[in-house]
Amino acid sequence: MVKKPSKISKFPQSPSFYILLALLAESFIIYASVLVKLTDMSPINLGFYRIALALPIFWLMANTRRNVFKIPLKDIAFMMLAGIFFAFDLLFFNLALRHTSVANVNLFASLACFILMPIGIFFFKERFKKSLLVGAIVALFGIFILVGGKGELSVATPFGDFMAFLSVLCYSCFLAVIYSLRKRYGTLEIMFFACIGSSLMLLALALVFEGFEVPKDMKDFGIIALIALCGQVIGQGFFNYILGKVNTQTSSLLLLFSPIIAALMGFFILGEKLGIFEILGILVIIFGVFVAKRENY
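Quick summary incoming for the structure in this document. Keep in mind that what you see is a predicted model, and the values were worked out from it rather than measured.

A word on the environment of Ser258
Tracing the sequence through the fold places Ser258 in helix α11 (residues 258-268). Along the sequence, Ser258 and Leu23 sit 235 residues apart, while their C-alpha atoms lie 8.0 Å from each other. Ser258 has contacts with Glu26, Ile30 and Asn106, leaving out every residue within four places of it along the chain. A polar contact of 3.0 Å, which involves the side chain of Ser258, links it to the backbone oxygen of Leu255.

Now the structure itself:
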């Protein structure tokens, strides 16, 4: 009996496809981070709305495939745990954006690579690949060149940088839990229950520390809705799809593209400068990723 190929198998399986998808996902995530600076809503409330507005979209899409509430309770709890990690990631991330430069936030985000690598090796028994570590270190050197060339350190604060560091710790834990679940479940089911966990945690934190807020006008609501669509539905949705196709080391490597995307987006959208140091940093990052990926697909 010949089995029909699944819809997922029709997607290209080449490394270039996943790199392009990662670039697309990170572009939407970074664009959402730029939009965060356009609203005055408190950080925890903003995180809650980002998740809450995305929740019904994931529910509608997930239920077209299966009854999500037939998933075992143990696995649902694990998915919600991933959402709790993401809730704290959003909390620290939004705080960081208000107290440090966008360049510094993206610098710390790239450090997820060095957190996920040992997680994959020790918890998921992945084989250590020397070329990945060498390439990641080269790319990180390029990120320092890129960030240093932007000259934005004057708006950075130690508190903001610490918040960015806590954010990347929580995000790395979130990705690690998602990776373990993607072997058995699709992106939509996981994101639906993760959003439930995130929204409940963020709502509780907002009520305790900020009080519940509503958007001040329709323009503010539109910005918040766009953050939810770009950052959560499209950005995180695509990146979590990638986690089911590559190992943790490779997926973490793709996060190194974030500073490049942020620099290019700043140049084309915000009119920020892109000088010789920024271009050199971008080239070094690309070379580092090239070195790292040679043995990782």
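Quick look at the pattern of salt bridges
This structure, assessed with the given rule, holds 2 salt bridges. Note that Lys216 is salt-bridged to Asp40, the shortest N-O span being 3.3 Å. Taken together, the residues Lys216 in the loop between α8 (187-209) and α9 (218-243) and Asp40 in the loop between α1 (15-36) and α2 (43-63) connect sequence positions 176 residues apart. Given the relative accessible area of 65%, Asp40 is considered exposed.

What to know about helix α5 (residues 112-123)
Over its 12 residues, α5 extends 16 Å from the first C-alpha to the last, a length consistent with the 16 Å expected when each residue adds 1.5 Å. Backbone geometry just after α5 places Lys125 at a positive phi near 55°.

Concerning the nonpolar core
Core analysis: the largest hydrophobic core is formed by 93 residues, its most contacted members being Phe58, Leu175, Phe193, Phe239 and Leu256. Contacts of Leu256, omitting those with residues within four sequence positions, involve Ser110, Cys113, Ala136, Ala139, Ile143, Ile285 and Val289.

So, the packing of α8 against α9
Two elements in contact, α8 and α9, have axes whose closest approach is 10 Å; the angle formed by their N-to-C orientations is 125°. The orientation of α8 with respect to α9, classified from their angle, is oblique. In this structure, α8 meets α9 at a crossing whose hand is right-handed. Across the interface between the two elements, Thr187, Met191 and Cys195 of α8 pack against Gln232, Gln236, Gly237, Asn240 and Tyr241 of α9. Its residues assigned to classes, the contact of α8 with α9 comprises 3 nonpolar, 5 polar and no charged.

Quick word on the packing of α5 against helix α7 (residues 158-181)
Across the interface, α5 lies against α7 with an axial gap of 9 Å and an inter-helix angle of 40°. Taken together, the axes of α5 and α7 lie oblique to each other. The way α5 lies across α7 gives a crossing that is right-handed. Facing α5, whose interface residues are Ala112, Ile115, Leu116 and Ile119, α7 presents Val168, Leu169, Ser172, Leu175 and Ala176.

Basis of the calculations
- Residues numbered from 1 in each chain as written.
- Predicted model: local features only at pLDDT ≥ 70, side-chain atom pairs only at ≥ 80, totals over all residues.
- Heavy atoms only, no water.
- Helix = DSSP H or I, 4+ residues; strand = E, 2+ residues; numbered from the N terminus.
- Contact = heavy atoms within 4.5 Å.
- Polar contact = N/O pair within 3.5 Å; in protein donor to acceptor, adjacent residues only side chain to side chain.
- Salt bridge = Lys/Arg side-chain N within 4 Å of Asp/Glu carboxyl O.
- Buried < 20%, exposed > 50% of the residue type's maximum accessible area, 1.4 Å probe, protein only.
- Expected span 1.5 Å × (residues − 1).
- Core = buried A, V, L, I, M, F, W, Y, C linked by side-chain atoms within 4.5 Å.
- Axes fitted to C-alpha atoms, helices over the stretch in contact; angles between N-to-C directions.
- Parallel < 35°, antiparallel > 145°, perpendicular 65-115°, else oblique.
- Left-handed = near helix turned anticlockwise from the far one by under 90°.
- Nonpolar A, V, L, I, M, F, W, Y, C, P; charged D, E, K, R; others polar.

The analysis is restricted to geometry; functional conclusions fall outside its scope.
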